[in-house]
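# Observations on the model geometry
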Amino acid sequence: MKANYALLKKAAVTTTLTGTVLAIPTVANAHFGNDLMAKGMKDDHVKELQKVLHKEGYYKINKTSNYFGAATEKAVRDFQKEHDLKVDGLVGPNTKQELNKKVEYSGELLHQGKKGEEVKTIQEDLEKLGYYRGDIDGIYGSKTRLAVLRFQKENDIKVDGIVGPKTFKAMHHDPEKRKVAATATKSKTTTNHTNKTAQSNHSKEENNPPKKAQTAVKELHVESTAYTAYCSGCSGTTATGINLRANPGAKVVAVDPDIIPLGTKLYIEGYGYAVAGDTGGDIQGRRIDVFMSDREEALDWGRKTVKVKVLN
């Protein structure tokens, strides 16, 4: 039996690499793993498979296990038959995609600070869609929150960094409507051309060199640090009214208005295009504080001297 499963797994991997299965990111495998599932295998993803099949009335055993046995295979075949899938008892991409639609929202709001298997599943979902690049550790930290914020923004969901019913549904039940990170980049670029807010325009151009139309009228070297929208005592809204928590991709800098007037367009070495949109009690003289959406990125920035170009 193990030998048969090994052959099936090898065939599935070969098909995936030579076909077009990987052409479009999908979360279908997030709950059920990346491998072909077949009779004889032992894996924790089998438990998730049995849970869904039991909820739908196909798997008749109340207690789940990590073993794919005869009862699981029968449940898979019955499910496939009633959903117009190839009836072979193997859980491949098409069967997983259909099963994924049956995964239900638990009702618990997932947000920064949460831990557990549900958080791990969300991380897997976001990784499949191209939004998350970090450890699948079940810890809802700043990287997970940033990935959720990006997903929500690109999929027209309230941008709050919390995985509730709408965000969960968009990840699992609306694959034809869901945007993935690879295509969302184009959408973001198009949107920025018509967006009148300064932070969106600067976010889009962060890594581009200054354009001729935006010539530097002054250059200066300043001491720089970095901050986030969730630092101690931070409201998340800048001195000019930019909501950084709702716009995690904004390129905003806190300045001393006597040195750099608020609203000034800047190009900062190592940071890109930005707008002078905030102030700070410690930001006096030739000092700036660059906004980072992620705490780890802010810590990596540290304290350093950078060249700032003031644009016309």
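Everything numeric here is computed off the predicted structure, so don't read it as measured data.

Attention now goes to helix α5 (residues 117-129). The end-to-end C-alpha separation of α5 is 19 Å, in line with the 18 Å expected for 13 residues at 1.5 Å each. Residues Val119, Thr121, Ile122, Gln123, Glu124, Asp125, Leu126 and Leu129 constitute the buried set of α5. With its phi angle positive at about 90°, Gly130 sits one or two positions after the end of α5.

Ranked by size, the top nonpolar core spans 33 residues in total, and within it Met37, Leu49, Leu53, Phe68, Leu99, Leu126 and Phe151 carry the most contacts. Put simply, the parts of the chain that give this core at least two residues each are α2 (44-55), α3 (70-82), α5, α6 (142-154) and α7 (165-172). The residues contacting Leu53, other than those within four sequence positions of it, are Tyr58, Tyr59, Thr72, Ala75, Val76, Phe79 and Leu99. Membership of the second largest hydrophobic core comes to 28 residues, among which are Leu244, Val253, Ala276 and Ile288.

The next subject is the environment of Ala298. Within the secondary structure, Ala298 sits in helix α10 (residues 295-301). Ala298 sits 73 residues away from Thr225 along the chain, and the two C-alpha atoms are 7.9 Å apart. What Ala298 contacts, discounting residues up to four positions off in sequence, is Ala226, Tyr227, Thr228 and Met292.

Basis of the calculations
Residues numbered from 1 in each chain as written. Predicted model: local features only at pLDDT ≥ 70, side-chain atom pairs only at ≥ 80, totals over all residues. Heavy atoms only, no water. Helix = DSSP H or I, 4+ residues; strand = E, 2+ residues; numbered from the N terminus. Expected span 1.5 Å × (residues − 1). Buried < 20%, exposed > 50% of the residue type's maximum accessible area, 1.4 Å probe, protein only. Core = buried A, V, L, I, M, F, W, Y, C linked by side-chain atoms within 4.5 Å. Contact = heavy atoms within 4.5 Å.

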